[in-house]
Amino acid sequence: MKKASHKTIRNDIILVLSLLLIASIGLFYLFVLRDTGDTVKVTIGGENYGTYSLSKDIAKDIISGKNNEHHNLLIIKNGKVYMKSANCPDGLCVKHKPIFRDGESIVCLPNQVVVTISQNQKDNIVDAVA
Amino acid sequence: MKYKPKLVAFVGICTALTMVLAYIEVLLPPLFPSIPGIKMGLPNIIILFLLYRRGPVFASVVSIIRIVLISMLFGNMMAFLYSIAGGILSLLIMILLRRLQCFSTVGVSVAGGVAHNIGQILMAMLLLETAEFGYYLIILILTGTISGILIGLCGALLIKRIPESIFKD
Ligand SMILES: [Zn+2]
């Protein structure tokens with residue numbers, strides 16, 4: 001077996017550093033530059049299901065599937081959104097931390113439910129000024 | 001082609017090993033408790049080893065058999081589609097970089113790990129017809145890179161230490 005040369009190790013380091021750089025730019029954008037959202041959009045299998053305000057506390061049982069066999073209990077409370085319960089096999093959506101920033105989402109892959117935060121008011125303000 | 005019992009047995013052992021590693025991974029505490037679904041990709045140690053010592057065909061066969069078996073045993077159709085998308089993209093990238101010979105096992109493993117995660121995200125975007133995966137993508141690039149380094153180092157050890165005699169008839 002040929003030993004790793006200096007050149008391949010240098011290339012490895014360049015690869016790792018560029019990936020870390022890409023990720024940190026992304027994280028900086030997501031956590032520092034991005035504002036809190038105001039609208040909660042729910043889609044099922046890519047189709048629009050409903051839109052809710054982030055500032056109004058609600059509990060919404062999202063029923064989906066051919067025979068209404070899927071359910072996800074979505075909670076909007078104190079300006080944050082989380083999945084309180086779901087009957088999906090992996091339960092990953094329930095474990096997801098509450099979301100509130102523009103563009104953040106909770107995805108339930110088995111039930112095909114996607115909950116996304118967006119920011120609509122800012123766009124409206126820009127429109128009004130323009 | 002002649003039927004080679006030893007070869008078949010070896011494929012079986014390697015596949016079983018990857019499945020054991022996948023199981024151990026499930027038992028370990030999650031890397032990020034707040035972000036579910038992120039795994040180290042321990043089975044990739046075996047795939048990496050096979051890629052270097054037995055070639056791309058052998059590595060691909062074991063990887064694909066593993067994904068099919070795991071999905072049949074524990075998953076559903078959706079889980080299979082995510083795994084196979086990640087698995088195939090990761091294999092292609094690793095085979096390509098191995099052939100180019102410009103990275104060590106660590107570089108190949110990092111690229112494979114990140115490609116695996118990107119493949120899964122792309123399949124999710126396709127199936128759910130949404131582009132809202134930026135957050136997952138960044139976290140998965142980060143964890144794919146870090147676990148790729150560890151797996152590359154483990155793989156390098158195996159590639160160096162396991163003698164060629166275990167493959168002989
Ligand atoms: Zn779920």
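Only a predicted model underlies this, so the values are computations on that prediction, with no experimental measurement involved.

1. Observations concerning the overall build of chain B
Right, on to step 1. Each helix and strand in chain B was counted, giving six helices and zero strands.
Right, on to step 2. Here the C-alpha atoms of chain B give a radius of gyration of 16 Å, agreeing with the 15 Å that 2.2 N^0.38 yields for 169 residues.
Right, on to step 3. Counting only C-alpha atoms and orienting by the principal axes, one finds that chain B spans roughly 50 × 35 × 30 Å.
Right, on to step 4. With an accessible surface of roughly 8,600 Å², chain B has 74% of that area assigned to carbon and sulfur atoms.
Right, on to step 5. For chain B, the distance from the average site of its 12 positive side-chain charges to the average site of its 5 negative ones is 17 Å.

2. Focus on the coordination of the zinc ion
In an ideal octahedron of six donors the angles at the metal are 90 or 180 degrees, and in an ideal tetrahedron of four donors they are 109.5 degrees.
All names here are of chain A.
Right, on to step 1. The protein atoms donating to the zinc ion are Cys-88 (SG), Cys-93 (SG) and Cys-108 (SG), with metal-donor distances spanning 2.2 to 2.3 Å.
Right, on to step 2. Along the chain, the residues donating to the zinc ion fall in the pattern C-x4-C-x14-C. Of this pair, Cys-93 sits in helix H2 (residues 92–95) while Cys-108 sits in strand S6 (residues 105–108), placing them 15 residues apart in sequence. Of the two residues, Cys-93 and Cys-108, both sit in the buried class.

3. So, the confidence of the model for chain B
Right, on to step 1. Here chain B averages 87 in pLDDT, while 91% of its residues score no lower than 70.
Right, on to step 2. Reported for the predicted complex are a pTM of 0.73 and an ipTM of 0.84.

4. Here's the deal with the environment of Ile-88 of chain B
Residue and element names in this part refer to chain B.
Right, on to step 1. Inspection of the secondary structure puts Ile-88 in helix H4 (residues 77–100).
Right, on to step 2. Here Ile-88 falls in the partly exposed class, since its relative accessible area comes to 39%.
Right, on to step 3. Residues Ile-88 and His-116 lie 28 residues apart in sequence; the distance between their C-alpha atoms is 7.8 Å.

5. Digging into helix H2 (residues 44–53) of chain B
Residues and elements named next belong to chain B.
Right, on to step 1. By the criterion of burial, H2 is predominantly enclosed, with ten of the ten residues buried.
Right, on to step 2. Where H2 is concerned, the buried positions are Asn-44, Ile-45, Ile-46, Ile-47, Leu-48, Phe-49, Leu-50, Leu-51, Tyr-52 and Arg-53.
Right, on to step 3. At its buried positions, H2 is contacted by helix H1 (5–27), helix H3 (56–74), H4, helix H5 (105–128) and helix H6 (134–161).
Right, on to step 4. Backbone geometry just after H2 places Gly-55 at a positive phi near 95 degrees.

6. Overview of the packing of aromatic side chains
Residue and element names in this part refer to chain B.
Right, on to step 1. Under the definition given, this model contains one aromatic pair over all chains.
Right, on to step 2. Both rings, one in Phe-10 and one in Phe-58, keep their centres 5.5 Å apart while their planes meet at 65 degrees; by these two values the pair is edge-to-face. Here Phe-58 lies in helix H3 and Phe-10 lies in helix H1, a separation of 48 residues in the sequence.

7. A short note on the interface of chain A and chain B
Right, on to step 1. Facing the 32 residues of chain A at the interface are 33 residues of chain B.
Right, on to step 2. Interface area for chain A against chain B, summed over the two sides, is near 2,800 Å², with a carbon-plus-sulfur share of 73%.
Right, on to step 3. Scanning the region where chain A abuts chain B turns up zero salt bridges.
Right, on to step 4. If you look at where chain A meets chain B, you find three residue pairs in polar contact (both at pLDDT 80 or more).
Right, on to step 5. Counting residues per element, the side of chain A that touches chain B draws most heavily on helix H1 (residues 6–33) of chain A, which supplies 14 residues.

8. Thoughts on the nonpolar core
Right, on to step 1. By size, the foremost hydrophobic cluster in this structure holds 50 residues, and its most contacted members are Leu-50, Val-62, Val-108, Phe-133 and Tyr-136 of chain B.
Right, on to step 2. In terms of residues, this core owes the most to one element, H5 of chain B, which gives nine residues.
Right, on to step 3. Among residues more than four places away in sequence, those in contact with Tyr-136 of chain B are His-96, Ser-105, Ile-106 and Val-107 of chain A together with Ile-121 of chain B.
Right, on to step 4. Counting 18 residues, the second-largest nonpolar core is a separate cluster that includes Val-40, Leu-74, Ile-76 and Cys-108 of chain A.

9. Considering the packing of H5 of chain B against H6 of chain B
Residue and element names in this part refer to chain B.
Right, on to step 1. One way to put it is that H5 packs onto H6 with a least axis distance of 7 Å and a crossing angle of 145 degrees. Crossing geometry of H5 relative to H6 is assigned as right-handed.
Right, on to step 2. For the contact of H5 with H6, the per-class residue count stands at 14 nonpolar, nine polar and no charged.

Rules used throughout
Residues numbered from 1 in each chain as written. Chains lettered and ligands numbered in written order. Predicted model: local features only at pLDDT ≥ 70, side-chain atom pairs only at ≥ 80, totals over all residues. Heavy atoms only, no water. Helix = DSSP H or I, 4+ residues; strand = E, 2+ residues; numbered from the N terminus. Rg over C-alpha atoms; globule rule 2.2 N^0.38 Å. Areas by Shrake-Rupley, 256 points an atom, 1.4 Å probe, with all protein chains shown as cover. Lys, Arg positive; Asp, Glu negative; His and termini not counted. Charge placed at Lys NZ, Arg CZ, Asp CG, Glu CD. Donors = N, O, S within 2.8 Å, 3.2 Å for Na, K, Ca; no water. Buried < 20%, exposed > 50% of the residue type's maximum accessible area, 1.4 Å probe, protein only. pLDDT = per-residue confidence, 0-100. Contact = heavy atoms within 4.5 Å. Phe/Tyr/Trp six-rings, centres within 6.5 Å; stacked < 30°, edge-to-face > 60°. Buried area = accessible area lost by both parts, 1.4 Å probe. Salt bridge = Lys/Arg side-chain N within 4 Å of Asp/Glu carboxyl O. Polar contact = N/O pair within 3.5 Å; in protein donor to acceptor, adjacent residues only side chain to side chain. Core = buried A, V, L, I, M, F, W, Y, C linked by side-chain atoms within 4.5 Å. Axes fitted to C-alpha atoms, helices over the stretch in contact; angles between N-to-C directions. Left-handed = near helix turned anticlockwise from the far one by under 90°. Nonpolar A, V, L, I, M, F, W, Y, C, P; charged D, E, K, R; others polar.

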